[in-house]
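For reference, the chains in residue letters:
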Amino acid sequence: MSVDPNALRVARRVAREAMANGAEAVVLTGSHAIGRATAHSDIDLIAIVRQDPGAGWQGYSSRSGFLVSADCRTPVRVRAAFRDPAKAVNYVPGWRDAVILADPSGIAARLQAEA
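Rules behind the numbers
- Residues numbered from 1 in each chain as written.
- Predicted model: local features only at pLDDT ≥ 70, side-chain atom pairs only at ≥ 80, totals over all residues.
- Heavy atoms only, no water.
- Helix = DSSP H or I, 4+ residues; strand = E, 2+ residues; numbered from the N terminus.
- Rg over C-alpha atoms; globule rule 2.2 N^0.38 Å.
- Contact = heavy atoms within 4.5 Å.
- Areas by Shrake-Rupley, 256 points an atom, 1.4 Å probe, with all protein chains shown as cover.
- Lys, Arg positive; Asp, Glu negative; His and termini not counted.
- Charge placed at Lys NZ, Arg CZ, Asp CG, Glu CD.
- Buried < 20%, exposed > 50% of the residue type's maximum accessible area, 1.4 Å probe, protein only.
- Polar contact = N/O pair within 3.5 Å; in protein donor to acceptor, adjacent residues only side chain to side chain.
- Core = buried A, V, L, I, M, F, W, Y, C linked by side-chain atoms within 4.5 Å.
- Arc of directions from axis to C-beta.

A. Region of the structure containing the overall build of the protein chain. For the protein chain, the helix and strand inventory stands at five helices and five strands. Counted from the first residue to the last, the protein chain has its helices and strands arranged as α-β-α-β-β-β-α-α-β-α. On C-alpha atoms alone, the protein chain measures out to a radius of gyration of 13 Å, which is about the 13 Å that the 2.2 N^0.38 rule sets for 115 residues. Seen along its three principal axes, the alpha-carbon backbone of the protein chain occupies a region of about 35 × 30 × 25 Å. Sequence-distant contacts, at least 24 apart, represent 57% of the contacts inside the protein chain between residues at least 6 apart. Put simply, the protein chain shows about 6,400 Å² of open surface, and 51% of that area lies on carbon and sulfur atoms. Between the mean site of the 14 positive side-chain charges and the mean site of the 11 negative ones, the protein chain shows a separation of 3 Å.

Written out as structure tokens, the structure reads:
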């Protein structure tokens, strides 16, 4: 499995911006993370934050020809999703396959191991 280098470059740029704005870690998930992206696939990013910015917060932007979907989650919310049968079906495999883009404190690696 291989990540499109152009998509990875965009994902890393957005990850740097998220880290500069207070994120603790950023991971790439979805089709780009598992090397199955098509020309119409978005770049799915999850930023791990200390405080919940509100349920369902999500942002979309267009970057260098890619649609980027950025979602903020606290570690508590990620762990809760791992235990919720309705969410775990997507969260657990998504985190297992995630590409960690920034993780200075190791929180994303710990969440990935828990998945």
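Additional details are given in the paragraphs that follow.
B. Examining the side chain of Asp71 more closely. With respect to the helices and strands, the residue Asp71 is situated in strand S4 (residues 66-73). Exposure remark for Asp71: the relative accessible area of 10% places this residue in the buried category. A distance of 3.2 Å separates the side chain of Asp71 from the side chain of Arg73, its partner in a polar contact.

C. Looking closely at the nonpolar core. Among the nonpolar cores identified, the biggest contains 19 residues, and Val26, Leu28, Ile43, Leu45 and Leu101 are the most heavily contacted of them. If you list the elements that add at least two residues to this core, you get helix H1 (5-20), strand S1 (25-29), strand S2 (43-48) and S4. With six residues, the single largest contributor to this core is H1. Filtering out sequence-adjacent residues up to four positions away, Val26 remains in contact with Ala15, Ala18, Met19, Leu45, Ile46, Ala47, Val99, Ile100, Leu101 and Ala102. Core analysis: the second largest hydrophobic core is formed by 16 residues, Ala81, Ala88, Val92 and Ile107 among them.

D. Just helix H5 (residues 107-114), in detail. For H5, the full list of buried residues reads Ile107, Ala108 and Leu111. Buried residues of H5, seen end-on, are gathered within an arc of 100° and therefore sit on one face of the element. On its buried face, H5 is in contact with S1, S2, helix H3 (75-83), helix H4 (85-96) and strand S5 (99-102).

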